[in-house]
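# Architecture at a glance
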Amino acid sequence: MLNYKNNLLIGFLIIAFIYSYLILNLDIISFFNGLPNLLIIFNEIHNIDYSLLSVAFVSMIETIQMAFLGTALGYLFAFPLSILASRNLASKYSYLPMRCVLAVVRTFPSILWAILFVIMVGLGPFAGVLSITLYTIGFISKLQYESIEAIDSEIIDNITSIGISKSQLIRYVVIPESAPHLLSQLLFTFDYNVRHTSVIGLVGAGGIGFYIINYIKFFEYEKALVFMLVVLITVIIIDLCSVKIRDKYIIKFATSKKLN
Amino acid sequence: MNNSLSSNNIIINMDKVWLSYDKIHYVLNEITMSVKQSTNYTIIGQSGSGKSTLLKLINGLLIPSKGKITVFGMTPNKKNKQFLNIMKKIGYIPQSLGLVKNISVLDNVLIGTLTRINKIKSILKILPEIEIDNAKQALELVGLEDKMEKKTYALSGGEKRRVAIARALAQKPILLLADEIVSELDHVTSKEIMNLISDTQHELKLTSVMIHHDIKLALDYADIVSVLQKGKKILEIGVNGNTITDFDMTKNQPC
Ligand SMILES: Nc1ncnc2c1ncn2[C@@H]1O[C@H](COP(=O)(O)OP(=O)(O)OP(=O)(O)O)[C@@H](O)[C@H]1O
Ligand SMILES: [Mg+2]
């Protein structure tokens, strides 16, 4: 393990760490001095405005719906693009440009997409859905074409050798063979997107984040707190559910496959 | 074997074919062979002697480094659109079987019928009743009719082999390439499967190239047995029942 190359790498990482720390002029002391400031927020817990719970709940539902639509649309658009970007199914005139396009899409964080779409279509959930869609395309297409490429090339070779068409190959071989991966990616992305959708509201793209940022702007922490708690609880619930679903369906599926 | 070779009933012809995977070592050295219609041409040889490689040259999965092959008068190449129509008529049972694990046994067999089905309909999975019956019949022939709804990953090794055979039968090929199809099966099942293929062969004038490990099995069913050693064809014999009708020891002696 600790050969010359690795030592060099570790040394480099340590130097990069120290350099970054110094250059950014970080002041650890202010972290501890600032801790009491948090109490200002937590003190508000006593005068939390529970009448806002129903509004918070409704806006959380809106957030989940946006995440759901964005994930579904992004996933559906990503799949054909992934086919065009996979080396085992497409020619290099297809996969090389397609990978470049997808790499560009992927470089945009969700919040940047949200800003772009708020400028384009105005404030509100539509901008949110569009940005989650684009973000999902960038994010999931890489996972998708990698799982398509992981399919045993011999199976693809052998089955194409009987002269079936590419579309039939995708329908009967590629999709079923990568289904466990594709499903678990879908679940993971939805889970992930609920968080992103909560955040992109901060720039006005609809959903619960929109409320949170507005209350914070006017220093109404006791109101913002209600919404933040609802986000926290929702994320925890969705996380637990997706772990359950994954364990129950996908893991079982994958292991039963491995046994053979 | 004595009837004169009229060139029109030669299905496969190889002329001094060489193949290398890495452009350095040759896995097949100067293979010359021809297979006539309705015959069973069986290849035997040690592990690593190049049997599977030879089979893949016939359906165009591999292209020879040197030499010429014709199959139904065309040069095999999986990328050639014209060869595609011939590929549809070549049943191939690879050593690794090439089954899709996550779909049902019946769906795997239906893959064999896809080349005859309209593309759009097949993608929507609207399959003609007659093709579904074809697939079910093929499964019945290999004795798996009661397992057809099962997912393929949940089958035993021998059952999977039989699914691959059923898929090739459902394809209704005129040339069958079979790579060690009975290796994992017990003696009785092996015989059953081989009898089945041999019956189909006579019924449909099917031509076949098979690979076997069991020399006795090869002699029982083959019209011609060919022996490969280290990529060279060292022997080719014609067989008829229990008598050897033709004997051709190639000059290339094993080194
Ligand atoms: N895809 C490949 N890339 C490189 N070398 C290969 C490849 N496939 C086979 N070989 C080599 O070619 C030689 C012949 O392999 P082949 O699979 O044709 O043997 P075989 O006679 O079918 O053996 P077995 O009875 O074990 O199946 C072997 O030495 C093998 O290592
Ligand atoms: Mg082999």
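Residues numbered from 1 in each chain as written. Chains lettered and ligands numbered in written order. Predicted model: local features only at pLDDT ≥ 70, side-chain atom pairs only at ≥ 80, totals over all residues. Heavy atoms only, no water.

## Regarding the overall build of chain A
The helix and strand tally for chain A stands at ten helices and zero strands. Start at the N end of chain A and walk to the C end: the helices and strands fall as α-α-α-α-α-α-α-α-α-α. In summary, chain A has a C-alpha radius of gyration of 23 Å against a globular reference of 18 Å for 260 residues, an excess of more than 25%. Once the C-alpha set of chain A is aligned to its principal axes, its extents read approximately 70 × 55 × 40 Å. With 260 residues in all, chain A has 40% of them scored as buried. (Helix = DSSP H or I, 4+ residues; strand = E, 2+ residues; numbered from the N terminus. Rg over C-alpha atoms; globule rule 2.2 N^0.38 Å. Buried < 20%, exposed > 50% of the residue type's maximum accessible area, 1.4 Å probe, protein only.)

## Quick look at the site of ligand 1
Residues and elements named next belong to chain B. Among the 13 residues in the neighbourhood of ligand 1, the closest are listed as Ser 47, Gly 48, Lys 51, Ser 52 and Thr 53. Note that an oxygen atom of ligand 1 is positioned 3.0 Å from one of the backbone N or O atoms of Gly 50. Take Thr 53: an N or O atom from its side chain is 2.5 Å from an oxygen atom of ligand 1. Looking at the shell around ligand 1 residue by residue, the class counts come to two nonpolar, nine polar and two charged. (Near = heavy atom within 4 Å. Polar contact = N/O pair within 3.5 Å; in protein donor to acceptor, adjacent residues only side chain to side chain. Nonpolar A, V, L, I, M, F, W, Y, C, P; charged D, E, K, R; others polar.)

## Quick notes on helix H5 (residues 129-141) of chain B
Because an α-helix completes one turn every 3.6 residues, residues spaced three or four positions apart along the sequence face the same direction. Residue and element names in this part refer to chain B. Between the first and last C-alpha of H5 there are 18 Å, a value that for 13 residues agrees with the 18 Å anticipated at 1.5 Å per step. Buried-residue contacts for H5 involve helix H3 (105-111) and helix H6 (157-170). Downstream of H5 by a residue or two, Gly 143 has a phi angle that is positive, lying close to 75 degrees. (Expected span 1.5 Å × (residues − 1). Contact = heavy atoms within 4.5 Å.)

## Some thoughts on the coordination of the magnesium ion (ligand 2)
Residue and element names in this part refer to chain B. With distances of 1.9 to 2.2 Å, the protein atoms coordinating the magnesium ion (ligand 2) are Ser 52 (OG) and Gln 95 (OE1). With Ser 52 in helix H1 (residues 51-58) and Gln 95 in the loop between strand S5 (90-93) and H3, this pair connects stretches of sequence that are 43 residues apart. The buried category is assigned to Ser 52, whose relative accessible area is 18%. Gln 95 gets classed as partly exposed once you look at its relative accessible area, which sits at 37%. (Donors = N, O, S within 2.8 Å, 3.2 Å for Na, K, Ca; no water.)

## Concerning the sheet that holds strand S4 (residues 66-71) of chain B
All names here are of chain B. As summarised here, the arrangement of the three strands in space is S2-S1-S4, forming an open sheet in which the pairing is antiparallel. Here the strands that pair on one side only, and so sit at the sheet edges, are strand S2 (28-36) and S4. Looking at each pair of strands side by side, their axes are set apart by 10 degrees on average, direction ignored. Pairing geometry for strand S1 (residues 10-19) and S2, over six bridges, is antiparallel. Of the residues in S2, the one forming a bridge with Leu 19 is Leu 28. Sheet strands in contact with H1 are S1, S2 and S4, and its direction is about 125 degrees off that of S1. (Pairing = 2+ DSSP bridges. Axes fitted to C-alpha atoms, helices over the stretch in contact; angles between N-to-C directions.)

## A look at the confidence of the model for chain B
All names here are of chain B. Mean pLDDT for chain B: 88, with 91% of residues reaching 70 or above. Here strand S10 (residues 243-249) stands out as the element of chain B with the lowest mean pLDDT, 65, in contrast to H3, whose mean of 96 is the highest. This stretch, residues 1-6, has a pLDDT under 50; its non-local contacts, to residues over four places away or in other chains, come to four contacts. Scored below 50 in pLDDT, residues 251-255 shows six contacts in the model against residues more than four places distant or in partner chains. This complex was scored by the predictor with a pTM of 0.81 and an ipTM of 0.85. (pLDDT = per-residue confidence, 0-100.)

## Section: the packing of aromatic side chains
Each pair of aromatic rings is reported with the distance of its centres and the angle of its planes. Within the structure shown, the criterion is met by twelve aromatic pairs over all chains. Where Phe139(A) meets Tyr192(A), the ring centres are 5.2 Å apart and the plane angle is 15 degrees; that geometry is what we call stacked. Placement of Phe139(A) in helix H6 (residues 125-149) and of Tyr192(A) in helix H8 (residues 166-200) is noted, with a sequence separation of 53 residues between them. Classification of Tyr192(A) as partly exposed rests on a relative accessible area of 30%. Among the aromatic residues, ring-to-ring pairing joins Tyr135(A), Phe139(A), Phe188(A) and Tyr192(A) into one connected group. Above the plane of the ring of Tyr172(A) lies Arg171(A), whose end atom (NZ or CZ) is 4.9 Å from the centre. Its guanidinium or amino end placed over the ring of Trp18(B), Lys66(B) lies 4.4 Å from that ring's centre, counting from NZ or CZ. (Phe/Tyr/Trp six-rings, centres within 6.5 Å; stacked < 30°, edge-to-face > 60°. Lys NZ or Arg CZ within 6 Å of the ring centre and 35° of its normal.)

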